[in-house]
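What follows is the residue order along each chain.
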Amino acid sequence: MTPLMKIKKLLDQFKTEGETCNIYESTETAKILFGESKIVSIKLVDKKFHFVKFIAKNGNFFLSEETEIYLNSADAFIAKFHFDKVHPEKELKTVKVA
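Quick notes on the rules
- Residues numbered from 1 in each chain as written.
- Predicted model: local features only at pLDDT ≥ 70, side-chain atom pairs only at ≥ 80, totals over all residues.
- Heavy atoms only, no water.
- Pairing = 2+ DSSP bridges.
- Helix = DSSP H or I, 4+ residues; strand = E, 2+ residues; numbered from the N terminus.
- Buried < 20%, exposed > 50% of the residue type's maximum accessible area, 1.4 Å probe, protein only.
- Contact = heavy atoms within 4.5 Å.
- Core = buried A, V, L, I, M, F, W, Y, C linked by side-chain atoms within 4.5 Å.
- Phe/Tyr/Trp six-rings, centres within 6.5 Å; stacked < 30°, edge-to-face > 60°.
- Lys NZ or Arg CZ within 6 Å of the ring centre and 35° of its normal.

Chemist: How should the pairing of strand 4 (residues 48-57) be read in this particular structure?
Modeler: Here is the key point about a regular strand: its side chains alternate between the two faces of the sheet. Here strand 3 (residues 38-45) runs beside strand 4; their pairing, made up of eight bridges, is antiparallel. Counted as the bridge partner of Leu44 is Phe49 from strand 4. Pairing of strand 4 with strand 5 (residues 60-70) involves 10 bridges; the strand directions are antiparallel. Across the sheet, residue Lys48 finds its bridge partner in strand 5, namely Tyr70. In textbook terms, the turn of a hairpin is the stretch between consecutive antiparallel strands, and for strand 4 and strand 5 this stretch comprises two residues, one of which, Asn58, has a positive phi near 55°.

Structure (structure tokens):
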């Protein structure tokens, strides 16, 4: 599977994870979903895409999934285009961080 296909799959997962979350925060390089039992974060900085998911157990959050994908310049440009378009599928309380 190519790096771009992996990123598209993770972006789709990010969108669907939003169905069980309450708060959505975004910056130019990062997007985070907060729920009662999980936190999901995606970042795209320079040529590196980073996906992290934490799950709550007994009141503490534990790392559930982490993926880093390194990209060449062309793939980074295309990934940035898809990254900018991804948002949770349902309306959430949105916080825009400067």
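Still more ground to cover, so stick around.
Chemist: Looking at this structure, I do not really get the environment of Ile55. What am I missing?
Modeler: Here Ile55 is to be found in strand 4. On the basis of relative accessible area, Ile55 is assigned to the partly exposed category, the value being 24%. Ignoring sequence-local partners within four residues, the contact set of Ile55 consists of Ser37, Lys38, Asn60, Phe61, Phe62 and Ser64.

Chemist: How should I be thinking about the nonpolar core in this particular structure?
Modeler: Across soluble globular proteins, nonpolar side chains show a tendency to be buried alongside one another. In this structure, Ile7, Leu11, Phe14, Ile42, Phe49 and Leu71 are the most contacted members of the largest nonpolar core, which totals 19 residues. Beyond its immediate chain neighbours, meaning those up to four positions away, Ile42 contacts Leu11, Phe14, Thr29, Ala30, Lys31, Phe49, His50, Phe51, Phe83 and Val86.

Chemist: Please clarify how the pairing of strand 2 (residues 30-34) should be interpreted in this entry.
Modeler: Bridge count for strand 1 (residues 23-26) against strand 2 is four bridges, and the pairing is antiparallel. Across the sheet, the residue bridging to Glu25 is Ile32, located in strand 2. Taken together, strand 1 and the strand that follows it, strand 2, pair antiparallel across an intervening segment of three residues. Across five bridges, the pairing between strand 2 and strand 3 is antiparallel. Among the inter-strand pairings, Lys31 is bridged to a residue of strand 3, identified as Ile42. Linking strand 2 back to strand 3 in an antiparallel pair, the connection comprises three residues.

Chemist: Looking at this structure, how should I read the environment of His87?
Modeler: Relative to the helices and strands, His87 is located in the loop between helix 2 (73-85) and strand 6 (93-96). Measuring from C-alpha to C-alpha, the distance between His87 and Lys31 comes to 8.6 Å, with 56 residues separating the pair along the chain. Residues contacting His87, with those up to four places away along its chain left out, are Lys15, Tyr24 and Lys31.

Chemist: What am I meant to see in the packing of aromatic side chains here?
Modeler: In this description, an aromatic ring pair is defined by two values, namely the gap between the centres and the angle between the planes. Here the structure, examined in full by the defined rule, presents one aromatic pair. Across the ring face of Phe83, the terminal group of Lys31 is positioned such that the distance to the ring centre comes to 5.1 Å.

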